[in-house]
Amino acid sequence: MNIIRQKHAFKAAAALYGATVLSACTTVPPTNDTSASMPTADPFVAAALDEATEPKVQIVEVPKPLPLPGQLKPKPMLKADALRKQATGAPAVLSGTSAARVEPKGGRFLNAMQVYDYAPGALYQVYAAPEQVTDIALQPGERLIDVSAGDTLRWVLGDTASGTGPERRTHILVKPTGADLATNVVVTTDRRAYHLELRATDATYMAALSWRYPHDELLALRGRAAAAEREAASTTAERVDIASLNFGYRIEGDRPAWRPIRAFDDGSRTYVQMPDGGEAAVRPPLFVLRDDKEPSLVNYRVRGDAYVVDGLFEAAELRLGGKRQERVRIERTGGSR
């Protein structure tokens, strides 16, 4: 009897739960027709995300370590590199030779000529082919002393030259007698030594190769810079006639460390010589005093320890400072030439 009552109670609870769910999913739309008794489903409404609940993106900056003194460490050596550096005997020779080889690169061709960067001790690779001549061009003006090859029976070597005077250029010509050949060549000149490895293939060959010389280019650049600095350090041009110089100038006013030593002109330019030494970095501006006594800046350039003004003036002032300025007056008195 209790089991039957429990079954009836379970069926009643299930019916009540189904009616609750159905009533939650359906509604009766408003209508004036009282005869409508069947509930209808609500029209579909797309879900919308509440902007207020949308998560905001937060940017978090990752700390970046600053390279302070003593913190920079060398890159740890790989195990293979460490083993190679510790090698001795034949393995060390093979490792060093392999690391010294310089192969031709596609971006270093000038027309058909491969241009290497010269470095002492590098092993430059040269690819040749039977019945083809490869031209090895040295630096213009470089004089050939000797060419030594490991295999002179199966490789034909010769030399020639192009140009005259300082532009005379030596060319070494190589040609293999067959394919699958290899040898090395040492070229000595009055400037340097070249080490080359020649390899013969069936068809692929280098028509010509030459070198750039970064060390020579650096020395030439330094020489030009030194020459320009020496020219800038001169206070007068070589074309100036010393007999035409006029030193009839008076310097008066304050006596700062940068007070000019003298002033003079050559008839077309005025020179104001400043003191040399620790105060040479102090370069006060130069103002020219016109007839109305109003100062105006004048165009000038600094040559070494002197101001050079294109033109002549009767009076000028060097001024430096803020509210309390230091002033030095330079006045042309005429004087004797």
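Note that this is a predicted model, so its numbers are computed, not measured.

**A short note on the overall build of the protein chain**
Consideration 1: Check the secondary structure of the protein chain and you find four helices and 20 strands.
Consideration 2: Taking all 337 residues of the protein chain together, the buried fraction comes to 26%.
Consideration 3: Taking as baseline every contact in the protein chain between residues at least 6 positions apart, the subset at least 24 positions apart corresponds to 61%.
Consideration 4: When the accessible area of the protein chain is evaluated, it comes to approximately 23600 Å², of which 56% is carbon and sulfur surface.

**Quick notes on the pairing of strand 4 (residues 123-128)**
Consideration 1: For strand 4, a buried count of five out of six residues is recorded, marking the element as mostly surrounded by other parts of the structure.
Consideration 2: As paired elements, strand 1 (residues 101-102) and strand 4 share two bridges and run parallel to each other. What sits directly across from arginine 101, in strand 4, is leucine 123.
Consideration 3: In this structure, strand 4 lies alongside strand 10 (residues 193-200), joined through six bridges in parallel fashion. From the neighbouring strand, valine 126 faces strand 10, where its bridge partner is leucine 198.

**Topic: the pattern of salt bridges**
Consideration 1: The tally for this structure, following the rule as stated, stands at 18 salt bridges.
Consideration 2: The salt bridge involving arginine 154 is made with aspartate 151; its shortest N-O contact spans 2.8 Å.
Consideration 3: Overlapping salt bridges bring together Arg108, Asp117, Arg212 and Glu217 as one network.

**Focus: the sheet that holds strand 12 (residues 248-253)**
Consideration 1: What the five strands build is an open sheet, ordered 12-20-19-15-16; its pairing is antiparallel. Every other strand in the sheet has two partners, leaving strand 12 and strand 16 (295-297) as the edge strands with one partner each. Ignoring which end each strand starts from, the neighbouring axes of this sheet average 30° apart.
Consideration 2: Where strand 12 lies against strand 20 (residues 326-334), six bridges are found, and the strand directions are antiparallel. By the bridge assignment, tyrosine 249 is partnered in strand 20 with arginine 332.

**Some thoughts on the sheet that holds strand 17 (residues 300-303)**
Consideration 1: Pairing in this open sheet of four strands is antiparallel, and the strands run 13-14-18-17 from one edge to the other. Taken across any chain shown, the strands that pair with only one partner, and hence form the sheet edges, are strand 13 (262-265) and strand 17. Across the sheet, the mean angle from the axis of one strand to that of its neighbour is 20°, orientation sign disregarded.
Consideration 2: Pairing of strand 14 (residues 269-273) with strand 18 (residues 306-310) involves five bridges; the strand directions are antiparallel. In the sheet register, valine 272 faces strand 18, and the bridge partner there is tyrosine 307.

**Some remarks on the pairing of strand 3 (residues 113-117)**
Consideration 1: Burial within strand 3 is extensive, with four of its five residues counted as buried.
Consideration 2: Pairing analysis gives two bridges linking strand 2 (residues 109-110) to strand 3, with the strands arranged antiparallel. Looking at strand 3, one finds that phenylalanine 109 is bridged to glutamine 114.
Consideration 3: Two successive antiparallel strands, strand 2 and strand 3, enclose a turn made up of two residues, where asparagine 111 displays a positive phi of approximately 55°.
Consideration 4: Across five bridges, strand 3 lies against strand 11 (residues 208-212) in parallel orientation. Of the residues in strand 11, the one forming a bridge with aspartate 117 is arginine 212.

**Structural notes on the nonpolar core**
What tends to happen in soluble globular proteins is that the nonpolar side chains get buried as a cluster.
Consideration 1: Counting residues in hydrophobic clusters, the biggest one holds 22 residues, and the most contacted among them are Ile136, Val187, Tyr194, Leu196, Leu198, Leu209 and Trp211.
Consideration 2: Sorting the residues of this core by element identifies strand 4, strand 8 (169-176), strand 9 (182-189), strand 10 and strand 11 as the ones contributing at least two each.
Consideration 3: In terms of residue count, the dominant contributor to this core is strand 10 (four residues).
Consideration 4: Apart from residues lying up to four places away in sequence, leucine 198 is in contact with Val126, Trp155, Val174, Leu181, Ala182, Thr183 and Val185.

**As for unusual backbone geometry**
Consideration 1: Unusually for a residue other than glycine, asparagine 111 sits at a positive phi of about 55°.
Consideration 2: On the secondary structure map, asparagine 111 appears in the loop between strand 2 and strand 3.
Consideration 3: For asparagine 111, a relative accessible area of 74% puts it in the exposed group.
Consideration 4: Phi is positive for aspartate 180, which is not a glycine, with a value near 60°.

**Description of the side chain of glutamine 273**
Consideration 1: In this structure, glutamine 273 sits in strand 14.
Consideration 2: Polar contacts involving the side chain of glutamine 273 include one to the side chain of arginine 262, which spans 2.5 Å.
Consideration 3: In contact with glutamine 273, other than residues within four places in its own chain, are Pro260, Ile261, Arg262, Asp305 and Ala306.

**Digging into the packing of aromatic side chains**
Consideration 1: Enumeration over the complete set of coordinates arrives at ten aromatic pairs.
Consideration 2: An angle of 10° between the planes, with centres 4.7 Å apart, marks the rings of tyrosine 300 and tyrosine 307 as stacked.
Consideration 3: A cation over a ring is seen here: arginine 319 above phenylalanine 287, with NZ or CZ 5.3 Å from the ring centre.

Criteria and thresholds
- Residues numbered from 1 in each chain as written.
- Predicted model: local features only at pLDDT ≥ 70, side-chain atom pairs only at ≥ 80, totals over all residues.
- Heavy atoms only, no water.
- Helix = DSSP H or I, 4+ residues; strand = E, 2+ residues; numbered from the N terminus.
- Buried < 20%, exposed > 50% of the residue type's maximum accessible area, 1.4 Å probe, protein only.
- Contact = heavy atoms within 4.5 Å.
- Areas by Shrake-Rupley, 256 points an atom, 1.4 Å probe, with all protein chains shown as cover.
- Pairing = 2+ DSSP bridges.
- Salt bridge = Lys/Arg side-chain N within 4 Å of Asp/Glu carboxyl O.
- Axes fitted to C-alpha atoms, helices over the stretch in contact; angles between N-to-C directions.
- Core = buried A, V, L, I, M, F, W, Y, C linked by side-chain atoms within 4.5 Å.
- Polar contact = N/O pair within 3.5 Å; in protein donor to acceptor, adjacent residues only side chain to side chain.
- Phe/Tyr/Trp six-rings, centres within 6.5 Å; stacked < 30°, edge-to-face > 60°.
- Lys NZ or Arg CZ within 6 Å of the ring centre and 35° of its normal.

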